[in-house]
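# Per-entry structural report
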4 protein chains.
Amino acid sequence: MSGNSFGEVFRITTFGESHGTAVGVVIDGCPAGLELSEADVQRELDRRRPGQSRVTTERGEPDRVAILSGLFEGRTTGTPIAMVLYNEDKDSKVYEAIKDTPRPNHADYTYQMKYGLRDWRGGGRSSGRETAGRVAAGAVAKKLLRGSGIEILGHTVRIHKIEAGDVTLDEIRRNPEENPVRCADLAAAKRMEEAIMKAKAEGDSVGGVVEVIALGAPPGLGEPVFDKLDADIAKALMSIGAVKGVEIGAGFAVAGKRGSENNDEFALAEGRVVTKTNNSGGIQGGISNGMPIVVRAAVKPTSSIAREQGTVDLQKMEETRIKITGRHDPCIVPRVLPVCEAMTAIVLADHLLRNRAAKV
Amino acid sequence: MSGNSFGEVFRITTFGESHGTAVGVVIDGCPAGLELSEADVQRELDRRRPGQSRVTTERGEPDRVAILSGLFEGRTTGTPIAMVLYNEDKDSKVYEAIKDTPRPNHADYTYQMKYGLRDWRGGGRSSGRETAGRVAAGAVAKKLLRGSGIEILGHTVRIHKIEAGDVTLDEIRRNPEENPVRCADLAAAKRMEEAIMKAKAEGDSVGGVVEVIALGAPPGLGEPVFDKLDADIAKALMSIGAVKGVEIGAGFAVAGKRGSENNDEFALAEGRVVTKTNNSGGIQGGISNGMPIVVRAAVKPTSSIAREQGTVDLQKMEETRIKITGRHDPCIVPRVLPVCEAMTAIVLADHLLRNRAAKV
Amino acid sequence: MSGNSFGEVFRITTFGESHGTAVGVVIDGCPAGLELSEADVQRELDRRRPGQSRVTTERGEPDRVAILSGLFEGRTTGTPIAMVLYNEDKDSKVYEAIKDTPRPNHADYTYQMKYGLRDWRGGGRSSGRETAGRVAAGAVAKKLLRGSGIEILGHTVRIHKIEAGDVTLDEIRRNPEENPVRCADLAAAKRMEEAIMKAKAEGDSVGGVVEVIALGAPPGLGEPVFDKLDADIAKALMSIGAVKGVEIGAGFAVAGKRGSENNDEFALAEGRVVTKTNNSGGIQGGISNGMPIVVRAAVKPTSSIAREQGTVDLQKMEETRIKITGRHDPCIVPRVLPVCEAMTAIVLADHLLRNRAAKV
Amino acid sequence: MSGNSFGEVFRITTFGESHGTAVGVVIDGCPAGLELSEADVQRELDRRRPGQSRVTTERGEPDRVAILSGLFEGRTTGTPIAMVLYNEDKDSKVYEAIKDTPRPNHADYTYQMKYGLRDWRGGGRSSGRETAGRVAAGAVAKKLLRGSGIEILGHTVRIHKIEAGDVTLDEIRRNPEENPVRCADLAAAKRMEEAIMKAKAEGDSVGGVVEVIALGAPPGLGEPVFDKLDADIAKALMSIGAVKGVEIGAGFAVAGKRGSENNDEFALAEGRVVTKTNNSGGIQGGISNGMPIVVRAAVKPTSSIAREQGTVDLQKMEETRIKITGRHDPCIVPRVLPVCEAMTAIVLADHLLRNRAAKV
């Protein structure tokens, strides 16, 4: 009810604040018998952590995960998997100076209004650091999916005004981890990187769009009506702080289409039912149809910018100016991508298990 | 778990198939003491029902709601409010002919794969008729919100290639119910209507975009992390069959913006904290900030079109062609709008109640 | 959150008031493909309805169930099964006279305090009539369980001071439906009946104890920690208005035992692991062990008695006396039994489905 | 769905195995602004830990709790409160020897059957050590309740054949912490202690009954129908491994009563509505009526006894004998009492918050 849990069968609960003792996650509902190690989780966390390249923040955080429970002799036991990442000692003084002047587009003001008090150190609970727990849980979900032949891919398709060209699945599998913006179109990746560095030099930030693709999902995943597979994915992605839009398949482009253009005709391929096009993004009536599941999320430019901005002093109730210091990502897109992959994987893992109850 | 319920405190469960005995909804968690009548609910249902104008289907369904429980002497009692709409006798023969040949972009194939059998009459559970229950529940949510000073507005902002121009709140309040496409820009409304009639004449359909605005929401609604207000709205809207994309505030446009353009600076207006712009769409860190909440949904062109399309015979496992007969909406957008309003109202009503537990 | 739903996968939501339009239930999560008819449900409802014998109330209610959704060609479709029982026109005048003077041991006072208003006609939502929805859902659960080889039995083991003697499973299967108190010990049944008639003649009522047995449950049902099978059964039974105590296996008798007496030693029987005794009642660590599941519930004497009792006039806030008129069950035990069976069946059906997610 | 969470608004999730890295709990939904410290939690944990007296196990575990999140400047922030207790290094060799021979009345066999594998070290997840997380969460719940004037008391009312005599509330407040069996009747306490020591000397164990009382709960807590206050308490207590029966107010004694004896007549006392007797145990129709809430739980004799017992070797599938070594509680009752208090407190805290949504 208080919003820190997600999923029905494969259910995660995250906890922790940016400058508190630790962040972490408890997974309840991972089936028994899955091979799992801390290394499986660490690998994904390393893709999210700060300090990976010059286009993200230069802060370094080691982000070492410890699995506290739910594993025995290298396998899951069916009991909760608690994972924790201790925070390093951080200097919170810079935040104390601005605790009464909410930063534009951050959650400072809204948390203060909701709770009457807040941990203002480093954004507290609303910090992007919370997503480490999601990525850790996503690593387990990905492992579970892999055992069922489902693969999760992700890539950046737009940074500011630069859009990636058409890419093959093979390029999406191979290229993103090879460049700092995680774009599968290597030529576009270069220009994206330049756009980010230019914004950074000007004390500014840029946004973008990421795409996540799930291959190999069988037909039948997703519950009709409210817990449609696309509805749950939309919630999953929109629950990431920086995401302001989500679309499935042809997405917003459907608005400008006619039915005859948008409908995906059925056909047979190697004895399997397929669709000739995939405007549905692999989901029809909220249920997977066996085609690739394709979703995109719009990521806003980082809210923390070096430029002075207008705000209000909540103690004095008067307008004032704020200048945010410290090192921040000029573009959060490449670091949001693993979080989007994780959330998509969690939704699919959840629905894979939920679907076991569909038939007598 | 099986996806027919939505909301945590204000929680709805819908039931019913298109050609079954009835469709309906049970609301659990509506607080006691709310004035409510069947007329309140019927008014909203009339906005959703077919046969309202020539741009929607010409089928006429009376859709009379009966409230079975939860009301006493004109007020809610805090107990479940069950509402039912009996279906008229319908001829299902036309559907029997195509029960083995799934209609493109419908849920025929995916339901069949998920459950191994399905009620193929009129789309069964996946029919748009299911949304009658949502609209009925939304009418109750709207009434509850109104008592807290929250107003829900909705309008069509795009049909096919026609986009509405800028409109005032006043136009959004006044104009949509005056034209068949529910557009607040009356000049654009005319052209939208023409685009629909043209598609209809050509045996085709068109999509569009709707916008829902919530005014008067206090700061503090929404739960951090997974149950962010925008995340729950995204799920709510994406759970509507025809919706393929959802965005909040500036939405996908944030991708092309810089932080300095996108950030909403805080200011004071009549002693209240406001933001000078509203790219956040009234939600920051997943929690309402007191500004108008603005969301948009992309609605696909109606899947049922008069043209012949390719499909597969699932019995014979061979490719074949299908021609869908009967009367169908050439554009579902104006009828999806009340459903989008209803779902947004349900999310807000839910979070209004959830927020009561935020502080000691 | 508002308490009208029960179960996680096999999830029911009941609605309706005693003198309102209807009572009913929506089952969400019944798997597709189960053969089901209204007759299956009616059979169980007939065991709960009033007017069956002289030891229960003489009011007659036909209680005809209608299934509104979720069935197609005699099978469940995986979509919600809504069932409704319309109330007959009832005279509520007798209740109007006592609306401000809460009846002892009824929910009149507590509903009034909780909600600030209440439907005082016939107890409203707190009436035993609400349990019709449970029994209807239980009929579906029983059908589902039967398909998995699980049988639910129930019998009365005590009425007032009369305790049933030891009975065989065969007697429990055969005898209860043959006598008005539903006791498997036919000699005791006679004396129980007399005890009830004596209390009735004296304007009084009596309580008792019922036992429900589930045979054929495989090992592995139940989730560890909070959703233990016995914990869920305890909640299920204690949620029935008249139940004030629940015990599993040896139950309260364990308090007076030593470990060496209470422990159930393991043994082999026909190649299967069994326990030599069954003090655990078929559940160990919250999970079924394959032995018969045995639970008992203490049922209080009917609260509505003909004798005058002390109460308070809530309008005038002064002490007064109340005399409840009308026909009431002198002993509710035989009619509570089918409700206890239904709730136990619902818990088992739920855990049968939940257990499908236990292993990779 | 997998059973490691409890509560709706005040919701806890426990994790951890007996011989794993740590046990702990995450509380989601504790309102912001509650004063809280690790010392508040430690105080309750010390009442549960082993090694307190000669009637419990002599194993010593320090059980130091660390709060990882959700606190800021001594107050809760409304975000999840994660608490962890690291396990000391433990020798698991003794358990390895019996991993294929399930201990009678433990969860060894049922976990093995459910999951196909299990952490057999010290009972793994089914160990009583899991309840440390419950007690930690209960400490927070108690603090929250105290702020609303609700006090939770607990005492042992029976050990084996020894029953405590009538005691006053004052004795219940003062005496239990002064004797090792936590009985408020000090004379009975002595005899209870002797009964335990006698069983211990004979390599055996004994059971008992505990009672928890909540004072000061306002009328109106509890949701009608399934989430009745007593239903949730019944589940809460029955979810404790050693509990085999739960009763509210007069409990099983209602079976032998007549309505005229059992009904609690209403009266006025100092302008408040009270009942002259409290057979209802403070709960009517599932909702608190303002009288003391009184619940009792039957606790089985410790399953681990020194005597040899019959079991089955699951690898060889043959009958064998088992002798459990090590130090075990000859009576778990005094250590289960704080867990029962904690669970009752959690239910009440949850319903206190849930009730905020009852009225418009």
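Keep in mind the model is a prediction, meaning the values are calculated, not measured. (Residues numbered from 1 in each chain as written. Chains lettered and ligands numbered in written order. Predicted model: local features only at pLDDT ≥ 70, side-chain atom pairs only at ≥ 80, totals over all residues. Heavy atoms only, no water.)

### A word on the packing of helix H4 (residues 131–146) of chain B against helix H9 (residues 333–354) of chain B
Residue and element names in this part refer to chain B. At a closest axis distance of 7 Å, the pairing of H4 and H9 adopts a crossing angle of 50 degrees. Relative to H9, the element H4 lies oblique. The chirality of how H4 crosses H9 is left-handed. Residues Thr131, Arg134, Val135, Ala137, Gly138, Ala141, Lys142, Leu144 and Leu145 of H4 form the contact with H9, whose participating residues are Pro338, Val339, Glu341, Ala342, Met343, Ala345, Ile346, Leu348, Ala349, Leu352 and Leu353. Of the residues assigned to the contact of H4 with H9, the class counts are 15 nonpolar, 2 polar and 3 charged. (Axes fitted to C-alpha atoms, helices over the stretch in contact; angles between N-to-C directions. Helix = DSSP H or I, 4+ residues; strand = E, 2+ residues; numbered from the N terminus. Parallel < 35°, antiparallel > 145°, perpendicular 65-115°, else oblique. Left-handed = near helix turned anticlockwise from the far one by under 90°. Contact = heavy atoms within 4.5 Å. Nonpolar A, V, L, I, M, F, W, Y, C, P; charged D, E, K, R; others polar.)

### Focus on unusual backbone geometry
The residue B:Glu73 is not glycine, and still its phi comes out positive at about 50 degrees. Topologically, B:Glu73 is positioned in the loop between strand S5 (71–72) and strand S6 (75–76). Its identity as a non-glycine residue notwithstanding, D:Asn105 has a phi of 65 degrees, on the positive side. In this structure, D:Asn105 sits in the loop between helix H2 (93–96) and helix H3 (108–115). Exposure remark for D:Asn105: the relative accessible area of 4% places this residue in the buried category. (Buried < 20%, exposed > 50% of the residue type's maximum accessible area, 1.4 Å probe, protein only.)

### Topic: the pattern of salt bridges
Taken as a whole, this structure holds 133 salt bridges over all chains when the rule is applied. Here C:Arg47 makes a salt bridge to C:Glu177, at a shortest N to O gap of 3.0 Å. Placement of C:Arg47 in helix H1 (residues 38–48) and of C:Glu177 in the loop between helix H5 (169–174) and helix H6 (186–201) is noted, with a sequence separation of 130 residues between them. Residue C:Arg47 is classed as buried on the basis of its relative accessible area, which comes to 13%. Exposure remark for C:Glu177: the relative accessible area of 42% places this residue in the partly exposed category. One salt bridge connects D:Asp46 with D:Arg49, and the closest N-O pair in it is separated by 3.8 Å. Overlapping salt bridges bring together A:Glu44, A:Arg47, A:Lys142, A:Glu177, A:Arg182 and A:Glu341 as one network. (Salt bridge = Lys/Arg side-chain N within 4 Å of Asp/Glu carboxyl O.)

### Some words on the nonpolar core
A:Phe10, B:Phe10, C:Phe10 and D:Phe10 are the most contacted members of the largest nonpolar core, which has 328 residues in total. Apart from the residues lying within four places of it in its own chain, the contact partners of B:Phe10 are B:Ile27, B:Asp28, B:Gly29, B:Cys30, B:Ala137, B:Val140, B:Ala141, B:Leu144, B:Ile346, B:Ala349, B:Asp350 and B:Leu353. (Core = buried A, V, L, I, M, F, W, Y, C linked by side-chain atoms within 4.5 Å.)

### Focus: the sheet that holds strand S10 (residues 208–215) of chain C
Ordered in space as S9(C)-S8(C)-S10(C)-S16(C)-S11(C)-S11(D)-S16(D)-S10(D)-S8(D)-S9(D), the 10 strands form an open sheet in which the pairing is antiparallel. With one partner strand each, in any of the chains shown, strand S9 (162–163) of chain C together with strand S9 (162–163) of chain D form the two edges of the open sheet. Sheet topology note: the strand S11 (residues 243–248) of chain D/strand S16 (residues 293–299) of chain D ladder contains 5 bridges and is antiparallel. Within S16(D), the residue paired with D:Glu247 across the bridge is D:Arg296. Sheet strands in contact with helix H7 (residues 229–238) of chain C are strand S11 (243–248) and strand S16 (293–299) of chain C together with S11 of chain D, and its direction is about 160 degrees off that of S11(C). (Pairing = 2+ DSSP bridges.)

### Observations concerning the sheet that holds strand S9 (residues 162–163) of chain B
On the basis of which strands lie adjacent, the open sheet formed by 10 strands has the order S9(A)-S8(A)-S10(A)-S16(A)-S11(A)-S11(B)-S16(B)-S10(B)-S8(B)-S9(B) and antiparallel pairing. The open sheet has two edge strands with one neighbour each: strand S9 (162–163) of chain A together with S9 of chain B. As judged from the 8 bridges shared by strand S8 (residues 151–159) of chain B and strand S10 (residues 208–215) of chain B, these two strands associate in the antiparallel manner. When the sheet's bridge partners are listed, B:Ile159 is paired in S10(B) with B:Gly208. Taken strand by strand, H9(B) contacts S8, S10, strand S11 (243–248) and strand S16 (293–299) of chain B, and its axis lies near 145 degrees from that of S8(B).

Geometric values such as these leave the question of function open.
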